[in-house]
Amino acid sequence: DAGVIQSPRHEVTEMGQEVTLRCKPISGHDYLFWYRQTMMRGLELLIYFNNNVPIDDSGMPEDRFSAKMPNASFSTLKIQPSEPRDSAVYFCASSRGDGYTFGSGTRLTVV
Amino acid sequence: SQQGEEDPQALSIQEGENATMNCSYKTSINNLQWYRQNSGRGLVHLILIRSNEREKHSGRLRVTLDTSKKSSSLLITASRAADTASYFCATDARTGTYKYIFGTGTRLKVLA
């Protein structure tokens, strides 16, 4: 198994642009999580899905953020429009209901 | 919001020594997990302990849980330079939802 796959690994974009982060979970895992990590705020849970259905999006900072999971093997996190304060490492993780398997993250820099 | 707080924030030890990290949390839990994060990488799951368990072992790792004190500890015995990483505890909220909130982490440095 290749693990949780995230793309891109690095993204640099200008303020106001749309950013789309992608995640492929481990096959058979029915939970998928999006986290954001910054030095100031640590690891923050943004949203999680169970069987492709969003269960809790209370951590999504504002309407500029949206997440989808159209099928069991793919999820996206979109930021539109992006702002410098969105700069962070975004992690996707998947699980069968026990420990999480994290992807390597996407380092987003908004200039 | 419920969150684990690790203590100490940073720890520096010599190779071969034991490292102990502590986690305190605020509300009742079902499970508590520990993760390791190497610099620039994703988190790696180490161990999960359930609220009805008091101690678990995995190789050189020993985790304890004291639900009365709302605290957990992670002990790494005979540390190695490769153990240098940040260590996080994560707690669920006993609400029937499956989400974990991560603490602030302990940065461990093992000197060769």
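See the structure printed just above.
Conventions adopted
Residues numbered from 1 in each chain as written. Chains lettered and ligands numbered in written order. Predicted model: local features only at pLDDT ≥ 70, side-chain atom pairs only at ≥ 80, totals over all residues. Heavy atoms only, no water. Helix = DSSP H or I, 4+ residues; strand = E, 2+ residues; numbered from the N terminus. Rg over C-alpha atoms; globule rule 2.2 N^0.38 Å. Contact = heavy atoms within 4.5 Å. Areas by Shrake-Rupley, 256 points an atom, 1.4 Å probe, with all protein chains shown as cover. Lys, Arg positive; Asp, Glu negative; His and termini not counted. Charge placed at Lys NZ, Arg CZ, Asp CG, Glu CD. Disulfide = S-S within 2.5 Å. Buried area = accessible area lost by both parts, 1.4 Å probe. Salt bridge = Lys/Arg side-chain N within 4 Å of Asp/Glu carboxyl O. Nonpolar A, V, L, I, M, F, W, Y, C, P; charged D, E, K, R; others polar. Polar contact = N/O pair within 3.5 Å; in protein donor to acceptor, adjacent residues only side chain to side chain. Buried < 20%, exposed > 50% of the residue type's maximum accessible area, 1.4 Å probe, protein only. Pairing = 2+ DSSP bridges. Phe/Tyr/Trp six-rings, centres within 6.5 Å; stacked < 30°, edge-to-face > 60°.

Turning our attention to the overall build of chain B. Broken down by element type, chain B carries zero helices and 11 strands. Sequence-ordered secondary structure for chain B, helices as α and strands as β, is β-β-β-β-β-β-β-β-β-β-β. Over its C-alpha atoms chain B spans a radius of gyration of 13 Å, differing by no more than 12% from the 13 Å that the globule rule assigns to 112 residues. Across its three principal directions, the C-alpha atoms of chain B cover 45 × 30 × 20 Å. Put simply, 56% of the contacts in chain B that link residues at least 6 apart link residues at least 24 apart. Working note: accessible area of chain B is about 5400 Å², and carbon and sulfur atoms make up 45% of it. Side chains of chain B give 15 positive and 10 negative charges; the mean places of these two sets differ by 5 Å.

What follows deals with the state of the cysteines. Residue and element names in this part refer to chain B. In total, this model carries two disulfides over all chains according to the counting rule given. Covalent S-S linkage joins C23 and C89, the inter-sulfur distance amounting to 2.0 Å. Sign of the S-S torsion, about 65 degrees for the bond between C23 and C89, identifies this disulfide as right-handed. Of this pair, C23 sits in strand β3 (residues 19-24) while C89 sits in strand β9 (residues 85-92); the two residues are 66 residues apart in sequence, bridging distant segments of the chain.

The next point concerns the interface of chain B and chain A. The interface is formed by 15 residues belonging to chain B together with 19 residues belonging to chain A. Regarding the contact of chain B and chain A, the summed buried area is about 1400 Å², with carbon and sulfur atoms giving 56% of it. Looking only at chain B, the three residues that lose the most surface to chain A are Y98(B), K99(B) and F102(B), adding up to 43% of its buried area. Run the count over chain B and chain A and you get one salt bridge. Across the pair D56(A) and K99(B) runs a salt bridge, and its minimum N-O distance is 2.6 Å. Those elements that place two or more of their residues in the side of chain B that touches chain A are β4 (31-37), β5 (43-50) and β10 (100-102) of chain B. Along the lines of polarity and charge, the residues of the side of chain B that touches chain A split into seven nonpolar, six polar and two charged.

Residue and element names in this part refer to chain A. By the element assignment, E62 lies in the loop between β6 (53-56) and β7 (65-71). On a C-alpha basis, the gap between E62 and I79 in space is 9.6 Å, while along the polypeptide they are 17 residues apart. Within the local environment of E62, its side chain forms a polar contact with the side chain of R64, the two groups lying 2.8 Å apart.

Another point: the environment of S24(B). All names here are of chain B. Tracing the sequence through the fold places S24 in strand β3. Residue class for S24 comes out partly exposed when judged on its relative accessible area of 35%. For the pair formed by S24 and L108, sequence separation is 84 residues and the distance between their alpha carbons is 18 Å.

Residues and elements named next belong to chain B. Only one face of strand β11 (residues 106-111) is buried: it carries T106, L108 and V110, and the other face, with R107, K109 and L111, is open. In the sheet, strand β2 (residues 10-14) pairs with β11 via five bridges, with the strands oriented parallel. Paired with A10 across the two strands is R107, which belongs to β11. Summarising the sheet, β9 and β11 pair through three bridges and their orientation is antiparallel.

The next subject is the packing of aromatic side chains. For the coordinates displayed, the defined rule picks out 16 aromatic pairs over all chains. Relative to Y35(A), the ring of F33(A) lies with its centre 6.4 Å away and its plane at 35 degrees, an arrangement referred to as tilted. For the pair shown, F33(A) and Y35(A) are each scored as buried. Aromatic side chains Y100(A) and F102(A) sit 6.0 Å apart centroid to centroid with 40 degrees between the ring planes, which places their arrangement in the tilted category. Residue classification places Y100(A) among the buried residues on the basis of a relative accessible area of 2%. Among the aromatic residues, ring-to-ring pairing joins Y31(A), F33(A), Y35(A), Y48(A), F91(A), Y100(A), F102(A), Y35(B), Y100(B) and F102(B) into one connected group.

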